[in-house]
There are 2 protein chains.
Amino acid sequence: MKHSYLNNKSVDEAQREYFELTDKIGFTCKAEEVLVNQAFGRVTAYAVYAKISSPHYNASAMDGICVTASSTYGASEENPVVLTKNMYETVDTGDAIPDGYDAVIMVEDLIENGSDSFVIHSAVHPWQNIRQVGEDICQGDMLVPAFTTLTPAMCASLLAGGVTRVGVVKKPLVGIIPTGDEIVEPCENPKSGEIIEFNSTVFSGMLLEKGASVKVYDIVRDEKPLLKTALKKAASECDLVLISAGSSAGRDDYTSEIIEEAGTVLTHGIAIKPGKPAILGACGNTPVIGLPGYPVSAIVVMSQFVLPLVDMYFKRAVDTGEYVQATLGKRIVSSLKYAEYVRVTLGKIGDRLIATPLNKGAGIITSFTKADAILFINQNCEGIEQGTQVRVRLLKSINEIESSLVVTGSHDPLIDEIANILKMNATPVLIKSNHVGSMGAITALKSGLSHLGAIHLLDTQTGEYNTSYLEKYFDGEVTLVKGVKRVQGIMVKKGNPLNIRGIEDLKQARIVNRQRGSGTRILLDYLLKKHSILPGEISGYSNEEFTHTAVAALIKADNADAGLGIYSAAAMYGLDFIPVCCEEYDFVVDNRFINDEKVKAFFDVLKSDEFNKRINELGGYEVRE
Amino acid sequence: MKHSYLNNKSVDEAQREYFELTDKIGFTCKAEEVLVNQAFGRVTAYAVYAKISSPHYNASAMDGICVTASSTYGASEENPVVLTKNMYETVDTGDAIPDGYDAVIMVEDLIENGSDSFVIHSAVHPWQNIRQVGEDICQGDMLVPAFTTLTPAMCASLLAGGVTRVGVVKKPLVGIIPTGDEIVEPCENPKSGEIIEFNSTVFSGMLLEKGASVKVYDIVRDEKPLLKTALKKAASECDLVLISAGSSAGRDDYTSEIIEEAGTVLTHGIAIKPGKPAILGACGNTPVIGLPGYPVSAIVVMSQFVLPLVDMYFKRAVDTGEYVQATLGKRIVSSLKYAEYVRVTLGKIGDRLIATPLNKGAGIITSFTKADAILFINQNCEGIEQGTQVRVRLLKSINEIESSLVVTGSHDPLIDEIANILKMNATPVLIKSNHVGSMGAITALKSGLSHLGAIHLLDTQTGEYNTSYLEKYFDGEVTLVKGVKRVQGIMVKKGNPLNIRGIEDLKQARIVNRQRGSGTRILLDYLLKKHSILPGEISGYSNEEFTHTAVAALIKADNADAGLGIYSAAAMYGLDFIPVCCEEYDFVVDNRFINDEKVKAFFDVLKSDEFNKRINELGGYEVRE
């Protein structure tokens, strides 16, 4: 079996070396001319100078009459001056001042005095109420320097300065070659073993945002001659080429070989996680980068190598982003072998900004859709403790982050539905939900990491929900807000092939469980105990998932036969459902935020008809008093 | 003469009333479907749910072999387990796990054991090294709520979830009707009295940035029937109509009348400066806004009324912008009649962010190209003193602002040339120059408002430049850096029709002067005194301009016959030039910044061959030692 190892070059060294190479091979911008009124957002290639002044003639700044200032001298309340027909001409705002005149009297200051004659009570001085030539722009002034992104106002100032065409940096054309035997074009019904090609979509979006043009080539199979032909074609057509996947050192990973054979590989393997199996090389004068197949790894390599290259092409400072200080909400362990690139969500809880790490998996594209910021962990760091102050790079505006309501705890799709209704109603509140289970909600609230908690915690002594937990863990710092009643039960495959009728039948099934600390796990443990079943008797007991839909998905996929969960998840997957109990899914509010607008907006939706209607559609819920 | 008066409605009241009206007439979004990989930056119209899970099958997370976990139990260094041909299948990363297997052993952990057989030294547990169905996305999960701007990662997550088309908000079509007899399409050689139509370019750019579509109609003459026809056509074709100019109450201002006749006018005249003569109305179900003709006024009305309307259309929070605290560098006087919208530049001087107000003129479009932020002054405020802490709304990123070098003082085009060379060399330093004259440089440095000063101050006692001023005003807190020698002289019209040969001949001419405190003004005063000429003897002595090019432009335009200035400005305008003296144009550095990277970069350019070459092209300069 073929297996080779990669380098582990530090990010800094890899960047320095690579950007030296791209500079040497002449990866640099070209210019083109475009119409100024189509040039917004483009980057000037040269300094632009005004061809004419603005105004380019002496223009009246008012509606009124133009006069010679000297003819008005001495005018006062006591000694009005009369201006007769041949002493003035009528002008409107913007009109050219006719030769021989050097001031304008505005219409409001004129008193009619029979036909064609006016009385004035104060003098005007030379050039009063006239926009003299060049008031705004003087011919020859530099309007915009080179390598400047044109704003709407800049484009207008170019037009005002008589410039109708402008030399801008030609957008670099970036070619993207998706590769892989298992890769298929986006579709709604891929077969088993087929992976939807979505990486080129992320890359395209990131590149378009930076002002590049993008050409996505057809998917190429994992065959060396095909890959090599595709690379050579793209390198001849584009300014920069990205090869998606095949960058590691596995059986079908040819990217490094083909770049080496068609050009040169400078680096293969970078000490960053995710992102390690990246390839930095060139083919002729075209930089070629091999990106890892896992989307998160690829995005990291895009951010560290590809986007800075585009910034350099436009001669703009490499975008180092905006940073803020935040408190780490959860411990992170990191390896000394790699620098790490951790996606975090941010929430403003009181006066603290809390950073919560998202799923680390390199395949988890949703960790980037949810991420608010990046926490970069140096290679020489073994991890960071909860509560530490960290510096994170923002991916969203701080305004957006501060308008977020953080809901932590038990998973239920209804939280997403509330988020959606808030959006539909244009309420400026974003919901950030962390699925850490009901006990996780209690911990988060105790540590000041969340505005709201979502819990369904059964008191196994009393059979009651939630209240006793709050009494045990809090001293009145929180308030319970009744949420919904929902049906919990056993989800099984359509038709219930194992004929499961209750908890005791789980001994005959492979189950999928929820994570420790979740209300559903506590419920299962309670039910098992009640039926005197030990966890060890249940196959799959240690197979843990974080959401009801994940449990349903695994039963549907036949990774398991059964699992405890809510009715709406079973319905979504067309699974059969054996109801077990009706539980109380409630919210806990940190009292500091009980009057917070975001919290109020959340509960307003919870009480709304719109929400009621939606959970009836989902099924298995009942709204509480 | 027709003259009517406008309302003076407060901005808040005008906004509240108008947005109620637009809501009532149904200014709201429509949906359309687009391909997900063309949906970046678009706004979802509905919540989007995953159609399939991702992965949608159990996928190997590694190159290796798949096995049943139970077949590996007990494997250790002492008790290796042998896996023979029928106990495994070879899988690559991403491959589907064949039925009957539930774990993957990675290739690195396999020891070959003859043909088709492997030895392993540790066990795997069920689902190890397998990406189970739904690991990233579960079918039915809400991927993105409604009214969310799609990022590249979101688009990828939609594709991963089997969604190939997405319902997005149809871009609102905004029609722009430029009006006015004096308005012409952008060109390089407008005639006297013709105004280049650049406002629709600013509006278009601002609207495109907000995600709207734009249709710019042909220019319409100031004739009521034509205007009315144009309005009705646009109102029937577009979602929102902007009429550019004619919004005031002057002779040819018909905008208000035609909106009134074709629909309804809610407000005409708003208590904001610039921006007062705005019209808020509707034609049928289409909001119609009359924008002032002066570009700065129009931009203010765009920001306060039009862009919030577009934000509301997309159901996003009205963009209130990002604010920072800054120290006001110059006193501002404001009227109690209006709220005021002051454009300021920002510079980070030491640890203070300094806000310097730009030219207030409503016609000065360059005040928006240079502005870094907006200072909003309430209607009930008469002004703000220098040194006051103010809250300003950023128009640029704070990173960009912090990379700026503030150069204050005497005007010379060479400062723009240095800014350009820095850009050409991709040096991350932006130059912000304030033309306030040489004495202004001294004041700014003394008050800590500038990194650098640019001065050419003649000591009329000694005939020397600059040094004695620094001795007089500073106590060693600054350092003089030699800049260039430049020729000052009298600029006169081509052919010198008045036959001006020296300062004494200015008595026969209308001059244009530089502002008080400028080095050139001090030089003129010195020369006049030397020739025993009193200022009162010189016509136009009190006609002040702030730059050499402005003086040249006015002589060229025949607003004046002569003016003192530098050779390069005369050359730019094809004026004749009578040299008077050679002066020293130098730089003064606040010692705190003498080692600042930005300051060093500036002086590196000053010493460069590139700069030397450029000032030789401009003419009239000599680089100093």
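Residues numbered from 1 in each chain as written. Chains lettered and ligands numbered in written order. Predicted model: local features only at pLDDT ≥ 70, side-chain atom pairs only at ≥ 80, totals over all residues. Heavy atoms only, no water.

Section: the sheet that holds strand β13 (residues 173-178) of chain A
Residues and elements named next belong to chain A.
And step 1. Strands sit in the order β16-β13-β17-β21-β20-β18 across an open sheet of six strands; the sheet is mixed. One side of each edge strand has no neighbouring strand; the edge strands of this open sheet are β16 (213-216) and β18 (264-268). Within this sheet the neighbouring strands show an average axis-to-axis angle of 20°, counted without direction.
And step 2. Contacting β18, β20 (279-283) and β21 (286-291), helix α1 (residues 11-24) crosses the sheet at an angle of about 165° to β18. (Pairing = 2+ DSSP bridges. Helix = DSSP H or I, 4+ residues; strand = E, 2+ residues; numbered from the N terminus. Axes fitted to C-alpha atoms, helices over the stretch in contact; angles between N-to-C directions. Contact = heavy atoms within 4.5 Å.)

Concerning the environment of Lys-507 of chain A
Residue and element names in this part refer to chain A.
And step 1. Summarising the element assignment, Lys-507 is placed in the loop between β32 (478-492) and β33 (513-514).
And step 2. A sequence separation of 26 residues divides Lys-507 from Ile-533, and the C-alpha atoms of the two residues are 8.2 Å apart.
And step 3. Leaving out residues up to four positions away in the same chain, Lys-507 has contacts with Ile-533, Glu-537 and Ile-538.

Description of the relation of the copies chain A and chain B
And step 1. Structural alignment of chain A on chain B gives an RMSD of 0.1 Å, achieved by rotating through 180° and translating 0.0 Å along the axis. Between the two chains, the operation in question is that of a two-fold axis. Of the C-alpha atoms belonging to chain A, the one lying closest to the rotation axis is found on Ser-397 of chain A, 5.5 Å away.
And step 2. Interface overlap between copies is the fraction of interface residues in one copy that are interface residues in the other; for chain A against chain B it reaches 100%, indicating a shared surface. (Least-squares fit on C-alpha atoms with pLDDT ≥ 70 in both.)

Examining the packing of helix α9 (residues 413-424) of chain A against helix α15 (residues 597-606) of chain A
All names here are of chain A.
And step 1. At a minimum axis separation of 10 Å, α9 and α15 run at an interaxial angle of 105°. Judged on the interaxial angle alone, α15 and α9 are roughly perpendicular. Here α9 contributes Ile-418, Ile-421 and Leu-422 to the contact with α15, which in turn contributes Ala-601, Phe-602, Val-605 and Leu-606.
And step 2. Grouping the amino acids of the contact of α9 with α15 by side-chain chemistry returns seven nonpolar, no polar and no charged. (Parallel < 35°, antiparallel > 145°, perpendicular 65-115°, else oblique. Nonpolar A, V, L, I, M, F, W, Y, C, P; charged D, E, K, R; others polar.)

Details of the pairing of strand β29 (residues 404-409) of chain A
All names here are of chain A.
And step 1. Taking burial as the measure, the six residues of β29 include six buried ones, the bulk of the element.
And step 2. In terms of strand pairing, β29 meets strand β30 (residues 430-435) through six bridges, oriented parallel. Residue pairing across strands places Gly-409 opposite His-435, the latter belonging to β30.
And step 3. Since β29 and β30 lie parallel, the crossover through α9 that links them has a hand, and here it is right-handed.
And step 4. As paired elements, β29 and strand β31 (residues 452-455) share three bridges and run parallel to each other. Within the sheet, the bridge partner assigned to Gly-409 lies in β31 and is Ala-454. (Buried < 20%, exposed > 50% of the residue type's maximum accessible area, 1.4 Å probe, protein only. Right-handed = clockwise from strand over helix to strand, strands pointing away.)

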